[in-house]
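Fold and geometry: a report
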Amino acid sequence: MALNSGEILDPRDLDRHRPQLLKYAMLQLRNHAQAEDAVQETMVAAIKGAQGFAGGSSVRTWLIGILKHKIIDSIRKSSREQSLDLDRHESSPDDMDVLFKPDGHYADMPADWGNPEEALSRQRFFEVLEECMESLPKATAQAFAMREVMGLDTGEICENLSISASNCWVLLYRARMRLRECLERNWIGAGGR
Amino acid sequence: MMINCKEASRLLSEGLDRDLAPGMRAKLRFHLFLCTACSRVKQQFDFLHRAAAQYPGPDGDDDGPHKP
Ligand SMILES: [Zn+2]
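What counts as what
- Residues numbered from 1 in each chain as written.
- Chains lettered and ligands numbered in written order.
- Predicted model: local features only at pLDDT ≥ 70, side-chain atom pairs only at ≥ 80, totals over all residues.
- Heavy atoms only, no water.
- Contact = heavy atoms within 4.5 Å.
- Buried area = accessible area lost by both parts, 1.4 Å probe.
- Salt bridge = Lys/Arg side-chain N within 4 Å of Asp/Glu carboxyl O.
- Polar contact = N/O pair within 3.5 Å; in protein donor to acceptor, adjacent residues only side chain to side chain.
- Helix = DSSP H or I, 4+ residues; strand = E, 2+ residues; numbered from the N terminus.
- Nonpolar A, V, L, I, M, F, W, Y, C, P; charged D, E, K, R; others polar.
- Axes fitted to C-alpha atoms, helices over the stretch in contact; angles between N-to-C directions.
- Parallel < 35°, antiparallel > 145°, perpendicular 65-115°, else oblique.
- Left-handed = near helix turned anticlockwise from the far one by under 90°.
- pLDDT = per-residue confidence, 0-100.
- Disulfide = S-S within 2.5 Å.
- Buried < 20%, exposed > 50% of the residue type's maximum accessible area, 1.4 Å probe, protein only.
- Phe/Tyr/Trp six-rings, centres within 6.5 Å; stacked < 30°, edge-to-face > 60°.
- Patch = residues over 30% accessible without salt bridge, like charges linked within 9 Å, V, L, I, M, F, W, Y side chains within 5 Å.
- Areas by Shrake-Rupley, 256 points an atom, 1.4 Å probe, with all protein chains shown as cover.
- Lys, Arg positive; Asp, Glu negative; His and termini not counted.
- Charge placed at Lys NZ, Arg CZ, Asp CG, Glu CD.

Each side of the interface is counted separately: chain A has 52 residues, and chain B has 35 residues. The contact between chain A and chain B buries some 3,900 Å² in all, and 59% of this surface belongs to carbon and sulfur atoms. Here chain A and chain B share four salt bridges between them. Of the charged contacts in the structure, one is a salt bridge between A:R147 and B:D17, with a shortest N-O distance of 2.7 Å. Summed over the shared surface of chain A and chain B, the number is 18 residue pairs in polar contact (both at pLDDT 80 or more). Elements that contribute at least two residues to the side of chain A that touches chain B include exactly helix 2 (18-29), helix 4 (59-81), helix 6 (123-134), helix 7 (138-149) and helix 9 (165-188) of chain A. Broken down by element, the side of chain A that touches chain B gets its largest block of residues, ten residues, from helix 9 of chain A. Classifying every residue of the side of chain A that touches chain B by side-chain character gives 30 nonpolar, nine polar and 13 charged.

Following this line, the structure appears as structure tokens:
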């Protein structure tokens with residue numbers, strides 16, 4: 001159904017987006033209670049600000065826009081309460097060593113992905129991407145989500161996670177290397193494209 | 001000094017998050033010029049950037065623009 005600006009948003013119409021929003025929040029917060037809270041606050045804000053909904057974008061896009069702010073607030077709050085104890089494994093890039101030979105060449109030659117753009121119109125591709133993001137260690141996944149899903153700059157991410165800039169770059173490096181490997185195995189290699 | 005693929009891949013990632021020093025940038029560019037593997041990785045990192053920005057993907061049964 002199409003909602004045009006000026007129409008009133010029905011709360012039931014918001015509710016059917018709840019599972020998707022919860023998944024989105026869980027991916028980044030990795031904590032069920034925090035994710036539920038962020039989604040709940042999003043719903044409240046959406047109902048209060050329903051007139052702010054401009055018909056041009058979809059309801060889901062609009063809700064995700066609100067949710068992003070709630071997620072960042074939540075991450076900021078929890079890192080302030082207890083600084084993220086980044087374990088040694090996550091703060092060092094040593095686990096990337098297995099991807100390379102001792103001489104610094106790739107252990108497995110990265111595949112030619114051809115033209116992968118077409119994947120962006122497929123729901124199945126995003127499910128694979130989501131599974132790949134879920135498989136990352138927590139801080140690695142959070143840093144990647146803030147950087148590439150939410151588009152924050154690294155300064156904001158370090159601040160939100162209470163970590164140093166160099167830790168932040170290591171997390172993002174790991175995330176990208178693991179995700180390219182995961183997509184290569186589960187999308188490109190699985191004949192997804 | 002030449003850099004290897006391990007170093008190059010790390011610079012590729014960091015280059016997406018901060019400005020690399022000019023010397024580093026030149027080394028990376030030279031490595032990419034010679035190395036098919038890292039050129040692929042660069043394209044894949046760029047693709048990942050576009051894909052993540054579009055997560056959670058097309059709007060399915062929602063009221064957004066419908067995909068064929
Ligand atoms: Zn290389």
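This part takes up the packing of helix 6 of chain A against helix 9 of chain A. Residue and element names in this part refer to chain A. Following both chains from N to C, one finds helix 6 and helix 9 inclined at 135 degrees, their axes separated by 10 Å at the closest point. Relative to helix 9, helix 6 is oriented oblique. The two elements helix 6 and helix 9 meet at a crossing, and its hand is right-handed. In this structure, helix 6 contributes R124, F125, V128, L129, C132 and M133 to the contact, and helix 9 contributes L179, C182, L183, N186 and W187. Tallied by class, the residues present in the contact of helix 6 with helix 9 amount to nine nonpolar, one polar and one charged.

The next subject is the confidence of the model for chain B. All names here are of chain B. Residue-level pLDDT values for chain B average 88, and 85% of them are 70 or greater. Under a pLDDT of 50 for its full length, residues 61-68 has, in the predicted model, 17 contacts with residues more than four places off or in other chains. For this predicted complex, the interface confidence reaches an ipTM of 0.89, while the overall pTM sits at 0.87.

The next point concerns the state of the cysteines. All names here are of chain A. The final tally for this structure, using the stated rule, is one disulfide over all chains. In this model, C132 is linked to C182 through a disulfide, with the two sulfur atoms separated by 2.0 Å. In this structure, the disulfide formed by C132 and C182 twists by about -80 degrees around the S-S bond and is classed as left-handed. Of this pair, C132 sits in helix 6 while C182 is found in helix 9, placing the two residues 50 residues apart along the sequence. By the burial criterion, C132 is buried, and C182 matches it. For C158, which is in no disulfide, the shortest distance to another cysteine sulfur is to C168 and amounts to 3.6 Å. For C168, a relative accessible area of 0% corresponds to the buried category.

Our focus in this paragraph is the packing of aromatic side chains. All names here are of chain A. Summed over all chains, the structure comprises six aromatic pairs over all chains. For the pair F100 and Y106, a centre-to-centre distance of 5.1 Å together with 35 degrees between the ring planes defines the contact as tilted. Using a relative accessible area of 6% as the deciding quantity, one classes F100 as buried. Centre to centre, the rings of F125 and W187 are 5.3 Å apart; their planes meet at 75 degrees, and the pair counts as edge-to-face. Remark: W187 occurs in helix 9 and F125 occurs in helix 6; sequence separation between them is 62 residues. Each of the two residues, F125 as well as W187, counts as buried.

A separate point is a negative patch on the surface. Residue and element names in this part refer to chain A. Where like charges cluster on the molecular surface, the negative patch consists of E36, D37, E41 and D73. Sorting elements by how many residues they give to the negative patch places helix 3 (residues 32-48) first, with three residues. Counting through the fold element by element, E36 comes out in helix 3.

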